[in-house]
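Report on the structure
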Amino acid sequence: MVGGKLLNNARMAELHAREAPDRVRELEAWGAVFDRTRDGRILQRPFGGHSHPRLAHVGDRTGLEMIRTLQDRAVAAGVDVFMECTITRLITGADGVVGAFGYWRTTGGPVVFPAKTVVLATGGIGKAYTVTSNSWEYSGDGHALAYSVGADLIDMEFVQFHPTGMVWPPGVRGLLVTEAVRGEGGILRNKDGERFMSRYLPEDRRGEYASTDEEAARWVTAQSEGRVTDARRPPELSTRDNVSRAIYTEVREGRGSPHGGVFLDISYLPPEHVRRKLPSMYDQFKELADVDITTGPMEVGPTTHYVMGGVRVDAETGASTVPGLYAAGEVAGGMHGANRLGGNSLSDLLVFGQRTGAAAAAAATSVAGWKKAPYLDPVQVRDAGRELSAPLEQGSGEDPYALQRDLQDVMQRLVGIFRVEADLQEATSELSRLKARWPAVGVRGGRTFNPGWNLVFELRNLLVVSEAITRSALQRTESRGAHSRIDHPETDQAGWGGRNSVVRRRPDGSMEVTTTALPEMSDELRLLLGGAH
Amino acid sequence: MIETRPPAEVPARAEALPGAAIDEARASSVAKLRVFRGEPGTPSRYDEFDVPVEEGMVVLDALHWIQGNGAPDLAVRWNCKAAKCGSCGAEVNGRPSLTCKTRLSDFDLDEPITVEPMRTFPLVRDLVTDVSWNYEVNRSIEPFSPPADVPQSDWRWQQEDIERVQEFRKCIECFLCQDVCHVLRNHETERPFMGPRFLVRAAGLEMHPIDQADRRPYLKDVGGVGYCNITKCCTEVCPEHIKITDNAIIPLKERVADEFYDPIQWAWRKLRGRSDSAPDRRSLPVLQAGRQAEPSIEPTPERLARAVGEDSPVAEPMHAAAPTTSTPAAEPTPAAERTDAGKVAKAARATAGPRAKRARRRPDTGDETPSEG
Ligand SMILES: Cc1cc2nc3c(=O)[nH]c(=O)nc-3n(C[C@H](O)[C@H](O)[C@H](O)COP(=O)(O)OP(=O)(O)OC[C@H]3O[C@@H](n4cnc5c(N)ncnc54)[C@H](O)[C@@H]3O)c2cc1C
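Residues numbered from 1 in each chain as written. Chains lettered and ligands numbered in written order. Predicted model: local features only at pLDDT ≥ 70, side-chain atom pairs only at ≥ 80, totals over all residues. Heavy atoms only, no water.

**Structural notes on the packing of aromatic side chains**
All names here are of chain A. Counted according to the given criterion, the structure contains 12 aromatic pairs over all chains. Ring centres of Y248 and F418 lie 5.0 Å apart, and the angle between their planes is 50 degrees; this geometry places the pair in the tilted category. Placement of the pair is Y248 in helix 6 (residues 240-252) and F418 in strand 14 (residues 418-419), with a sequence separation of 170 residues. Of the two residues examined, Y248 and F418, each falls in the buried class. Taken together, the ring pairs in this structure connect F82, W104 and F113 into an aromatic cluster. A cation over an aromatic ring shows up here: R105 above the ring of F449, its NZ or CZ 5.0 Å from the ring centre. One cation-aromatic arrangement involves R233 over Y209; the distance from NZ or CZ to the ring centre is 4.6 Å. (Phe/Tyr/Trp six-rings, centres within 6.5 Å; stacked < 30°, edge-to-face > 60°. Helix = DSSP H or I, 4+ residues; strand = E, 2+ residues; numbered from the N terminus. Buried < 20%, exposed > 50% of the residue type's maximum accessible area, 1.4 Å probe, protein only. Lys NZ or Arg CZ within 6 Å of the ring centre and 35° of its normal.)

Dropping the structure here:
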């Protein structure tokens, strides 16, 4: 809650804290092989803003371990998986969402899924920006699909810029340098060699961080051995929003590294330790940047990483505001408030993936005659099919790649780490110009695995989320977590503290941006948080 | 109050840090890429592109540049661009590689760089192949089987007990090892062979400190572990640097040999009566040399709408072929002109070292394999 600047859905935070350990144990029972403590238990480590080392992990590839474990589990359980199938439309009936329409990437052929309930689990929006750690799939599809059927999105102004992305060479700019580097003791320095992070610690939390290099070093040693220590954590482990602003400021004020970042150094630790705990990072720098992280520093800078905002969901069930539609994971909003702490996404996926899946399945099977597929409105299906064919029939026209570049440029330039009204206004008008260009997009080639054609529908979604981010950012006239307004630098607890931004589609198709009161916090949590708010 | 710290002077406009696009002005030279184009049923060709080269550029950057500058429909499967997802595998100058970590600076730019799809799998289009066979093989492996009688709260093992298993679990399923493996590559389909990727997966399960299943009969009779003749081509192309042959395949071969050629083992197995009898674990799917024809339904919106109308509810998702691909696919376009990654294979064979030492025995947690105990 403190890391999320008190904008989190308190019930989600509570469920996450309570249920994450069971989900981790479940993964272990399904075959996940976590790193161990000396007495043979699961080893835990902290990331930024954590007051307790609580991340079960596997070196720097915890996500891969989760993917593989869940994949194996799904295979063993006989779950149907439809690979490379992209959903472009949700189909609605009188009682909400009743199915989905999409195409197979490999053939381009259309497909419909009649469904009592639909769970969105489409991830984030990073592709809206030029510099991002995200894959190409992060085009906000679930956000836009939910929006298109009238579901509420919340907190869309909160886009997390991870402090450490690669900055050089140009082709890898934005690639993630995992927080595990700082979790294992990585030190940030500017071009003058200054360990600058301590200058940027928020005054009210300074007491949680090591005051000397020696204390920080003691903490690093203890935690790598899984030992308890009275040393406080290094200042590099401040929250991501704060570290990103610090790096940005160092670079902007002329203290950056040669390629516009700062230095991140882990080479003071024994090389074999670095290679064992950070094998992917070792390879990534060695192979893509000719840098040996066991002998010298990395160059890093902020990169678009995660969207805290998303589909407004019920904490217990993941149900959206539209019947039949659910959301879990990065596409859902509320859990992380104004800033996500490192590691909390993977556990969020497990806790709310399990809850949402169970709730959606229960809802789908609770109605009489549930085995009969719902009726899908032929007009909606036909229109979805026409939308799919249009860019191919158009043939030549607006180039989707050019539109993508222009969109990313607008978001990168005008809706980044620091925001200001004039920029956001300009972004809004730029975005409506880009939106007007979209219907004219034409693509060459056929339907078989045609990335240019596929991009058209991602752009449609990216235009929606970009507008939602920009308008929400314009509305919130304060700075909080990942949202920093140069023209409103203070956190306005009285005015904005209890309010989530809400974006929804008006019946006429225009975007409505309002606010709603934060869900009530339980007395227990209120007591726990005490002075924090 | 929670402090945020704006830049020292408050500017009227924020200022973005630099972006990532390839900047032709910064480009230092030009690379010529020869890219395989085509899909089953159409004649294939190689298109040539002159791509501006910037420092640190990889083959995938060049392919993206091509998509944005003249060939927007160039089919490339990719995802993370960080060598973590394993989707951008292709053959670069005949060598199975992840295009996202193959640097242009590793090539002589006076010569064209040839990029082709993985040859072992059926072609979809251009650089994209159908790797779904691999997922079917995966399904045939008996999953992780912890002991039923030890509560999870009592599970304990040391980091050193799992170092090897963790090495195997680094696999990102790029299938380059499957692509380079000559048993699979030459489509010797009369030999059922699961390929290096799934021997690694099986080894990860077999060597898990508490796994109870015995996959040796499966490995021998279904997985075909004996067909691997240790050329180590797989190890050579693995982007995760997994020592596939030495650490996974050879130890599995030894376990299988112990089990089947040791009379005591054999008698013990008979006594225990263990066999692997799950129905889908008795055979491997056949790896198609060419793409299979799709059902040829013209997916007009009207037909689709009818198909999902009230009278004929669709219980299963409908997979309809697009007009452009509705003719049954002919033999894919591989053929003579495609360069031969067998070169890699041969080179590797020549350098194949002595057999690795016997695998460390798995910690004894109630495992019923006496000769390993
Ligand atoms: C480089 C990197 C490192 C990270 N490291 C950490 C970490 O250490 N700890 C942590 O907690 N978090 C980390 N995160 C964040 C975390 O990984 C993500 O937030 C999380 O994976 C999101 O999971 P998800 O299930 O919501 O979506 P994803 O896992 O991204 O899955 C979304 C899926 O939806 C599919 N999809 C999207 N659109 C459509 C559509 N229209 N039709 C059909 N399918 C669609 C996509 O293909 C994809 O398979 C990291 C993120 C990145 C990018």
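From this point, the narrative continues.
**Overview of the domain arrangement of chain A**
Residues and elements named next belong to chain A. Taken domain by domain, chain A holds domain 1 (161-303) and domain 2 (378-528). The centre of domain 1, based on its C-alpha atoms, is set 31 Å off from the matching centre of domain 2. Taken together, the contact pairs seven residues of domain 1 with eight residues of domain 2. When the area that domain 1 buries against domain 2 is broken down by residue, the three leading residues are F161, R245 and Y248, summing to 78%. Counting across the interface, domain 1 meets domain 2 through zero salt bridges. Taken together, domain 1 and domain 2 are joined by two residue pairs in polar contact (both at pLDDT 80 or more). Per-element accounting of the side of domain 1 that touches domain 2 gives the leading share, five residues, to helix 6. Partitioning the side of domain 1 that touches domain 2 into residue classes produces three nonpolar, two polar and two charged. (Domains from an automatic or database assignment. Contact = heavy atoms within 4.5 Å. Buried area = accessible area lost by both parts, 1.4 Å probe. Salt bridge = Lys/Arg side-chain N within 4 Å of Asp/Glu carboxyl O. Polar contact = N/O pair within 3.5 Å; in protein donor to acceptor, adjacent residues only side chain to side chain. Nonpolar A, V, L, I, M, F, W, Y, C, P; charged D, E, K, R; others polar.)

**Comments concerning the side chain of D155(A)**
Residues and elements named next belong to chain A. The residue D155 is located in the loop between strand 7 (153-154) and strand 8 (159-166) in this model. An unpaired buried charge is present at D155: no salt bridge exists, and R476, the closest side chain of opposite charge, is 4.6 Å distant. Here the side chain of D155 touches N500 through a polar contact of 2.9 Å, side chain to side chain. Discounting chain neighbours no more than four positions away, the residues touching D155 are L7, G309, G334, G337, N500 and S501. (Lys, Arg positive; Asp, Glu negative; His and termini not counted.)

**Points about the interface of chain A and chain B**
Each partner contributes residues to the interface: chain A has 106 residues there, and chain B has 95 residues. Summing the contributions of chain A and of chain B, the shared interface buries around 8700 Å²; its carbon and sulfur component is 55%. In this structure, R68(A) engages E173(B) in a salt bridge whose closest nitrogen and oxygen atoms are separated by 3.6 Å. On the surface where chain A and chain B come into contact, there are 34 residue pairs in polar contact (both at pLDDT 80 or more). The greatest single-element share of the side of chain A that touches chain B, amounting to eight residues, is contributed by helix 2 (residues 62-77) of chain A. Tallied by class, residues from the side of chain A that touches chain B come to 47 nonpolar, 23 polar and 36 charged.

**What to know about the packing of helix 3 (residues 141-148) of chain A against helix 13 (residues 451-475) of chain A**
All names here are of chain A. Their axes nearest at 8 Å, the elements helix 3 and helix 13 cross at an angle of 75 degrees. Comparing the axis directions of helix 3 and helix 13 gives the class roughly perpendicular. Judged by residue contacts, D141, H143, A144, L145 and Y147 of helix 3 engage E458, R460, N461, V464 and V465 from helix 13. Residue composition of the contact of helix 3 with helix 13, grouped by class: five nonpolar, two polar and three charged. (Axes fitted to C-alpha atoms, helices over the stretch in contact; angles between N-to-C directions. Parallel < 35°, antiparallel > 145°, perpendicular 65-115°, else oblique.)

**Looking at the domain arrangement of chain B**
Residues and elements named next belong to chain B. Its domain assignment divides chain B into domain 1 (14-120) and domain 2 (141-272). Opposite the 15 residues of domain 1 that make contact, domain 2 presents 16 residues. Summed over both sides, the interface of domain 1 with domain 2 buries roughly 1200 Å², with 52% coming from carbon and sulfur. Applying the counting criterion to the domain 1 and domain 2 interface returns two salt bridges. Seen at the junction of domain 1 and domain 2, the total is five residue pairs in polar contact (both at pLDDT 80 or more). For the side of domain 1 that touches domain 2, the elements supplying multiple residues, two or more each, are strand 3 (89-92) and strand 4 (95-98). A total of four residues in the side of domain 1 that touches domain 2 trace back to one element, the largest contributor, which is strand 4. Its residues assigned to classes, the side of domain 1 that touches domain 2 comprises six nonpolar, four polar and five charged.

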